[in-house]
Amino acid sequence: MTGGLIYAEESAPYTIDGIFPGFREHATERPVTDYYIHNIAGEQVRTFDITEGHERDTEWADAVLRRKMDSWMAEQVHEITREAGGGLLTEVKVNGLLREDGEIIGVTCEELDPIKADFVVAADGVNSELAREAGLMDWEEPEEWFQGVKAVVDMPGDAINERFGITDEEGEAHLFSGDLYDGVRGGGFLYTNQDSLCIGNVFHLDSIVEEEAEVQDLLDALLTHPVLAQWLGEEYDEREYSAKLVPDSKKAANPSPHQGRLALVGDAGGQMQAQGPIIKGMNHAVTAGALAAEAFVEARSRGEPDSAGERYERRLHDEGVMDKLRPTRYEVASALSENDTATRLAERALDSSVGRLGVRMADRAGLLETAYSSPYLATMMPDTKTPYVTLPTIIGEAVTACPVSAEDFGGGCYRDETVQSNGDEKRVVSLDTQPCVECGTCAIVADTQWEHPSGGKGVEFREG
Amino acid sequence: MHSVVLTKGVPDFREGQVAFDEDGHLERGNTPTVMNPNDKHALRTALQTKVRHGGTLSVMSMGPPGYGDVLREAMETVYADDLYLLSDRELAASDTWATAITLATGLQKMENQPDLVFAGFKTADGETGHTGPQACWCLDWPIITHVVALDVDEDEGTVRAKRLVEGDIEEIETVEAPTPAFIVADPEFEPTYRKAAHRLTLKDLRAETKERAENHEEHLTTWDHADLNLDPDYIGLDGSPTIVSSVDPIPKAPAEREATVVDPDDGEGMGEVFEAMEPFADGRSEAAGD
C-alpha cells in the first residue's frame, strides 16, 4: 500500500510517466493542485498553504491507489518483458539468495526452482527479506522507521468536487499536525482520489512505542476530528484499512545498497524521503530502478557484469538521489520557508529527541512462558504455509504498535487477554495472524521472526 | 506432440442441483449437465504435458449437441486448441463398450494423430471407469492408470509415469511405455510448475485461451456416425451389451439417536441434562485412556 502520492521531480533523471507513457492517464487518481497543512490545537486550527513548497522541483504529483496502479503497471511490464523473452510472474515468494561459493548468483523461491541471474534487483518493499539476508538492511532500531496507517474513505467524485471546491482535474493534499495525537510524534494526511479519499497518519515508530499509543485510536482521532467533518460530513464509509512501515531514509537508506549481484531499490533499500511533512518514496524508487538497469546494461556491455552494483551506487550519488535521501543536513526549512510556523512545526516533527525503547512489562518472561504454553496458542503457532509471525519477545510493544491489534480489542494479530482458570487469573497474549496486514512493525518493535507468506497467500488490498 | 483429453458431461449431482422423480429416478431434463468432476484430473495432467512439452491439445467428447458448455469449460481448463464432439441420435443410450468403440474411431479419424490420450478417472454417473481403458483396448495401445506423475521423452517416443499400484498411495511404481499411449490420472495427481518458464507459458496460454473460449464453437468439429463410418448395429443402444435391469435408490440411513432440545434457562430441563451426563463424568478418566 501507499499513502499515497507519487511525484515526478524536475531534477530527477527518470519519472514514471517517462518510462511508462500513459501512466497518469491509466494508473493515477487526481493531481495535487493545492497543498495545505493544518496545525491543530484543541478546537483551534491554523491552516497554511504550502502549495508553493510542494511545487518546488515538482513536475507533477498525483494521488494513487496501488491496486489500480500496480495492476496497470503489471500488464505493461509483462508485455514489455515478454517481448524480450522474460515476463512478470506473480504468486511466487522469493525466499532467499542463491549462492555459489558464498557469492550471490540468483534467488531461491518457495514455489519455483532456484533462478540464476546476472543481476538481482530487489524491489521487494520495506520488508525485503533479501535485503536482510544480505545484511544490507536490518529491523533493529524503531528510530529509523515511521509507521503509516491509512483508511480509504468512500466519496463520490461529485461530492469531492463540491466539498473541496475543485473540478475533476484538480485534487488536494492536506496534512494535519498538533495535539490531536496525545504527544505521539507524527502527523496525518488526506489526499483526494477520483471517488474516494485517502486519510491516514504517519508516526515515528519509536514514539508509538514510547507513548504506548494504539494506532487505530490515533486514526480515529483524526477521522472524527471536527476539521475533517467539513469534508466527511456525519457519516462515511471506510473501504479499506491498511498499514505499512516507512523507512526514514535520513537514517535508514543504505548509502551502498548492493552486494555482489544484488542491488536494492526503493523501500527495500530504505529509499523513502521524509522532506519535512511531505513524504516522497515512489519517485526515488522509480529513479533507483532505472539507474540499476542502466548500470547493468553498461556493466555488461563493458564485459564487467559484476561491476553493476558499483555502477549503480555511483549513479545514485552522481544523480543526486542519495543526497535527497540522506542530506547532509535536513532541509525542511527551505522547503517550507514561506511560513515560520510551518517550519517550526516540521522541525519539531523531525528533530525531537528520541528515547530508547523501554521494556514495558517487567514480568514479560513469565508472560511469554504462559503464552507459549497456552493450548490455544499451540494450535495457532505458525507453520510455513499461512501464519508467518512468531510470538514477540516483547509483547507489550507489539500489541499497541501493531496496527491491527489492541488491548481489549478482539480483532487483531496479538490479543492481550485475561484467562480465568480454577479461580486463577492469567494474562496471556494470543496470536492470530489472519488479520495481519504485513507491515512488519512487530519485527522491529518486538523482534518477531516476521516473514512474508507464501505466494498468493498474503493480504490482498483492494485499494492499496 | 499432440494430446487428446476425453471428457463427459454428467448430471450435476451437487445438493440442490440434482432432481429426482417420485420413484427416485433421476430427472435428466431438470438436472443441469456439467463436466464430469473426475475429468479434471485428466485435464490437469494434459495441461501439465502441454506446458512442459508444447504441442497441441484437443478435447473430445461423445454426447448430445447441448454439450457445448461442457466442452467450453474443458477448453478453458486445459487451454485446448480445438474441440471434437461425437454426436448423433444413433449414439444415444450407449454403454461403456459402445462409447469406447465410438471414441476410439473418433481418435483414429483425427488428422493430427495423438501421441497421448488422457481419460478421466471414472464418471460421476456410471462410476465404472471402463470407457477409457476399453477405448484404449480398441486401439491396442498401452495404458497407464492411476498416474500421479508423468514425464514425456519426445525424442525416444516414450512416456514415463509414476503410478499407484492397486490404487494405493502406499505403493508407487515407475513404468515406461511407447507412445501413442493412454493415460488415466489418479485424483492424487498434482501438477507442478516449478520453472519460471513454465509459469510464463501458463500465463500466455491462459490469455490466448480466454479469447478462443469465447468463440469456442468456431473451434468445434462435430462428427456423426456416418462421418465416423460406424455401423449403427454396433453403436448406441443396439451396440450396447450392458443391460440395466433397474436402478434402486439407496434408502436413507435411519437415525439411531434421539435428540431433545433444552433451553439453558430451563432449570428443570438442565437438571435432567446434568443427571443424564453424570455417569459419563465418573468414567471420564477411563474414556480418556481409550
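Everything in this summary refers to the structure shown in the same document. Note that the coordinates shown come from a computational prediction; the quantities given were computed from them, not determined experimentally.

### Focus on helix H4 (residues 66-83) of chain A
All names here are of chain A.
No. 1: For H4, spanning 18 residues, the distance from its first C-alpha to its last is 25 Å, which sits close to the expected 26 Å at 1.5 Å a residue.
No. 2: For H4, the complete set of buried residues consists of Met69, Trp72, Met73 and His78.
No. 3: Two residues or fewer past H4, Gly85 is found with a positive phi of approximately 95°.

### Topic: the pairing of strand S1 (residues 2-7) of chain B
All names here are of chain B.
No. 1: Taken across its six residues, S1 has six buried, putting it largely inside the fold.
No. 2: Here S1 shows no split at all, with His2, Val4 and Leu6 on one side and Ser3, Val5 and Thr7 on the other all buried.
No. 3: Relative to strand S4 (residues 56-62), S1 is paired through six bridges, and the arrangement is parallel. Residue pairing across strands places His2 opposite Thr56, the latter belonging to S4.
No. 4: Relative to strand S6 (residues 116-119), S1 runs parallel, the two being bridged by three bridges. The residue bridging Val4 from the neighbouring strand is Val117, located in S6.

### Remarks on the interface of chain B and chain A
No. 1: Counting residues at the interface gives nine residues for chain B, matched by 14 residues for chain A.
No. 2: Roughly 960 Å² is buried in total at the junction of chain B and chain A, and carbon and sulfur atoms are behind 48% of that figure.
No. 3: Per-residue buried area on chain B facing chain A is highest for B:Arg194, B:Arg199 and B:Leu200; these three make up 61% of the total on that side.
No. 4: Put simply, chain B and chain A have three salt bridges between them.
No. 5: Among the salt bridges present, the one from A:Asp113 reaches B:Arg194, with a minimum N-O distance of 3.3 Å.
No. 6: In this assembly, chain B and chain A are joined by eight residue pairs in polar contact (both at pLDDT 80 or more).

### Looking at the nonpolar core
All names here are of chain A.
No. 1: Counting 50 residues, the largest nonpolar core has Phe176, Leu197, Ile199 and Leu228 as the members making the most contacts within it.
No. 2: Mapped by element, the contributors of at least two residues to this core are strand S9 (145-154), helix H6 (157-164), strand S12 (196-204), helix H7 (205-211), helix H8 (215-223), helix H9 (226-232), strand S13 (238-247) and helix H19 (441-445).
No. 3: Taken together, domain 1 (5-68 + 142-249) and domain 2 (364-445) each give at least three residues to this core, which thus spans both.
No. 4: What Phe176 contacts, discounting residues up to four positions off in sequence, is His38, Ile40, Tyr181, Gly187, Gly188, Phe189, Leu190, Leu222, Val227, Leu228 and Trp231.

### What about the side chain of B:Thr99?
All names here are of chain B.
No. 1: Its location among the elements puts Thr99 in helix H3 (residues 96-109).
No. 2: The class of Thr99 is buried, set by a relative accessible area of 13%.
No. 3: When sequence neighbours within four positions are dropped, the list of residues in contact with Thr99 reads Met62, Ser94 and Thr131.

### Quick notes on the sheet that holds strand S5 (residues 94-100) of chain A
Sheet strands associate in pairs through backbone hydrogen bonding, adopting either a parallel or an antiparallel arrangement.
Residue and element names in this part refer to chain A.
No. 1: In spatial order, the strands read S5-S6-S7; together these three strands make up an open sheet with antiparallel pairing. Each end of this open sheet is capped by a strand with a single partner; those strands are S5 and strand S7 (115-116).
No. 2: Strand direction decides the pairing type here: strand S6 (residues 103-109) and S7, joined by two bridges, are antiparallel. Its bridge partner lying in S7, Gly106 is registered against Lys116.

### Quick word on the packing of helix H1 (residues 39-53) of chain B against helix H5 (residues 196-214) of chain B
Residue and element names in this part refer to chain B.
No. 1: Between H1 and H5, the shortest axis-to-axis distance is 9 Å and the interhelical angle comes to 110°. With respect to their mutual orientation, H1 and H5 come out roughly perpendicular. For the element pair H1 and H5, the recorded crossing hand is right-handed. Residues Leu47, Lys50, Val51 and Arg52 of H1 form the contact with H5, whose own contacting residues are His198, Thr201, Leu202 and Leu205.
No. 2: Of the residues contributing to the contact of H1 with H5, the split by class is four nonpolar, two polar and two charged.

### Observations concerning a nonpolar patch on the surface
No. 1: On the surface, B:Phe13, B:Phe20 and B:Leu26 cluster together into a nonpolar patch covering about 280 Å² of accessible area.
No. 2: Its place among the elements puts B:Leu26 in the loop between strand S2 (9-11) and strand S3 (33-35).

Reading the values: the criteria
Residues numbered from 1 in each chain as written. Chains lettered and ligands numbered in written order. Predicted model: local features only at pLDDT ≥ 70, side-chain atom pairs only at ≥ 80, totals over all residues. Heavy atoms only, no water. Helix = DSSP H or I, 4+ residues; strand = E, 2+ residues; numbered from the N terminus. Expected span 1.5 Å × (residues − 1). Buried < 20%, exposed > 50% of the residue type's maximum accessible area, 1.4 Å probe, protein only. Pairing = 2+ DSSP bridges. Contact = heavy atoms within 4.5 Å. Buried area = accessible area lost by both parts, 1.4 Å probe. Salt bridge = Lys/Arg side-chain N within 4 Å of Asp/Glu carboxyl O. Polar contact = N/O pair within 3.5 Å; in protein donor to acceptor, adjacent residues only side chain to side chain. Core = buried A, V, L, I, M, F, W, Y, C linked by side-chain atoms within 4.5 Å. Domains from an automatic or database assignment. Axes fitted to C-alpha atoms, helices over the stretch in contact; angles between N-to-C directions. Parallel < 35°, antiparallel > 145°, perpendicular 65-115°, else oblique. Left-handed = near helix turned anticlockwise from the far one by under 90°. Nonpolar A, V, L, I, M, F, W, Y, C, P; charged D, E, K, R; others polar. Patch = residues over 30% accessible without salt bridge, like charges linked within 9 Å, V, L, I, M, F, W, Y side chains within 5 Å. Areas by Shrake-Rupley, 256 points an atom, 1.4 Å probe, with all protein chains shown as cover.

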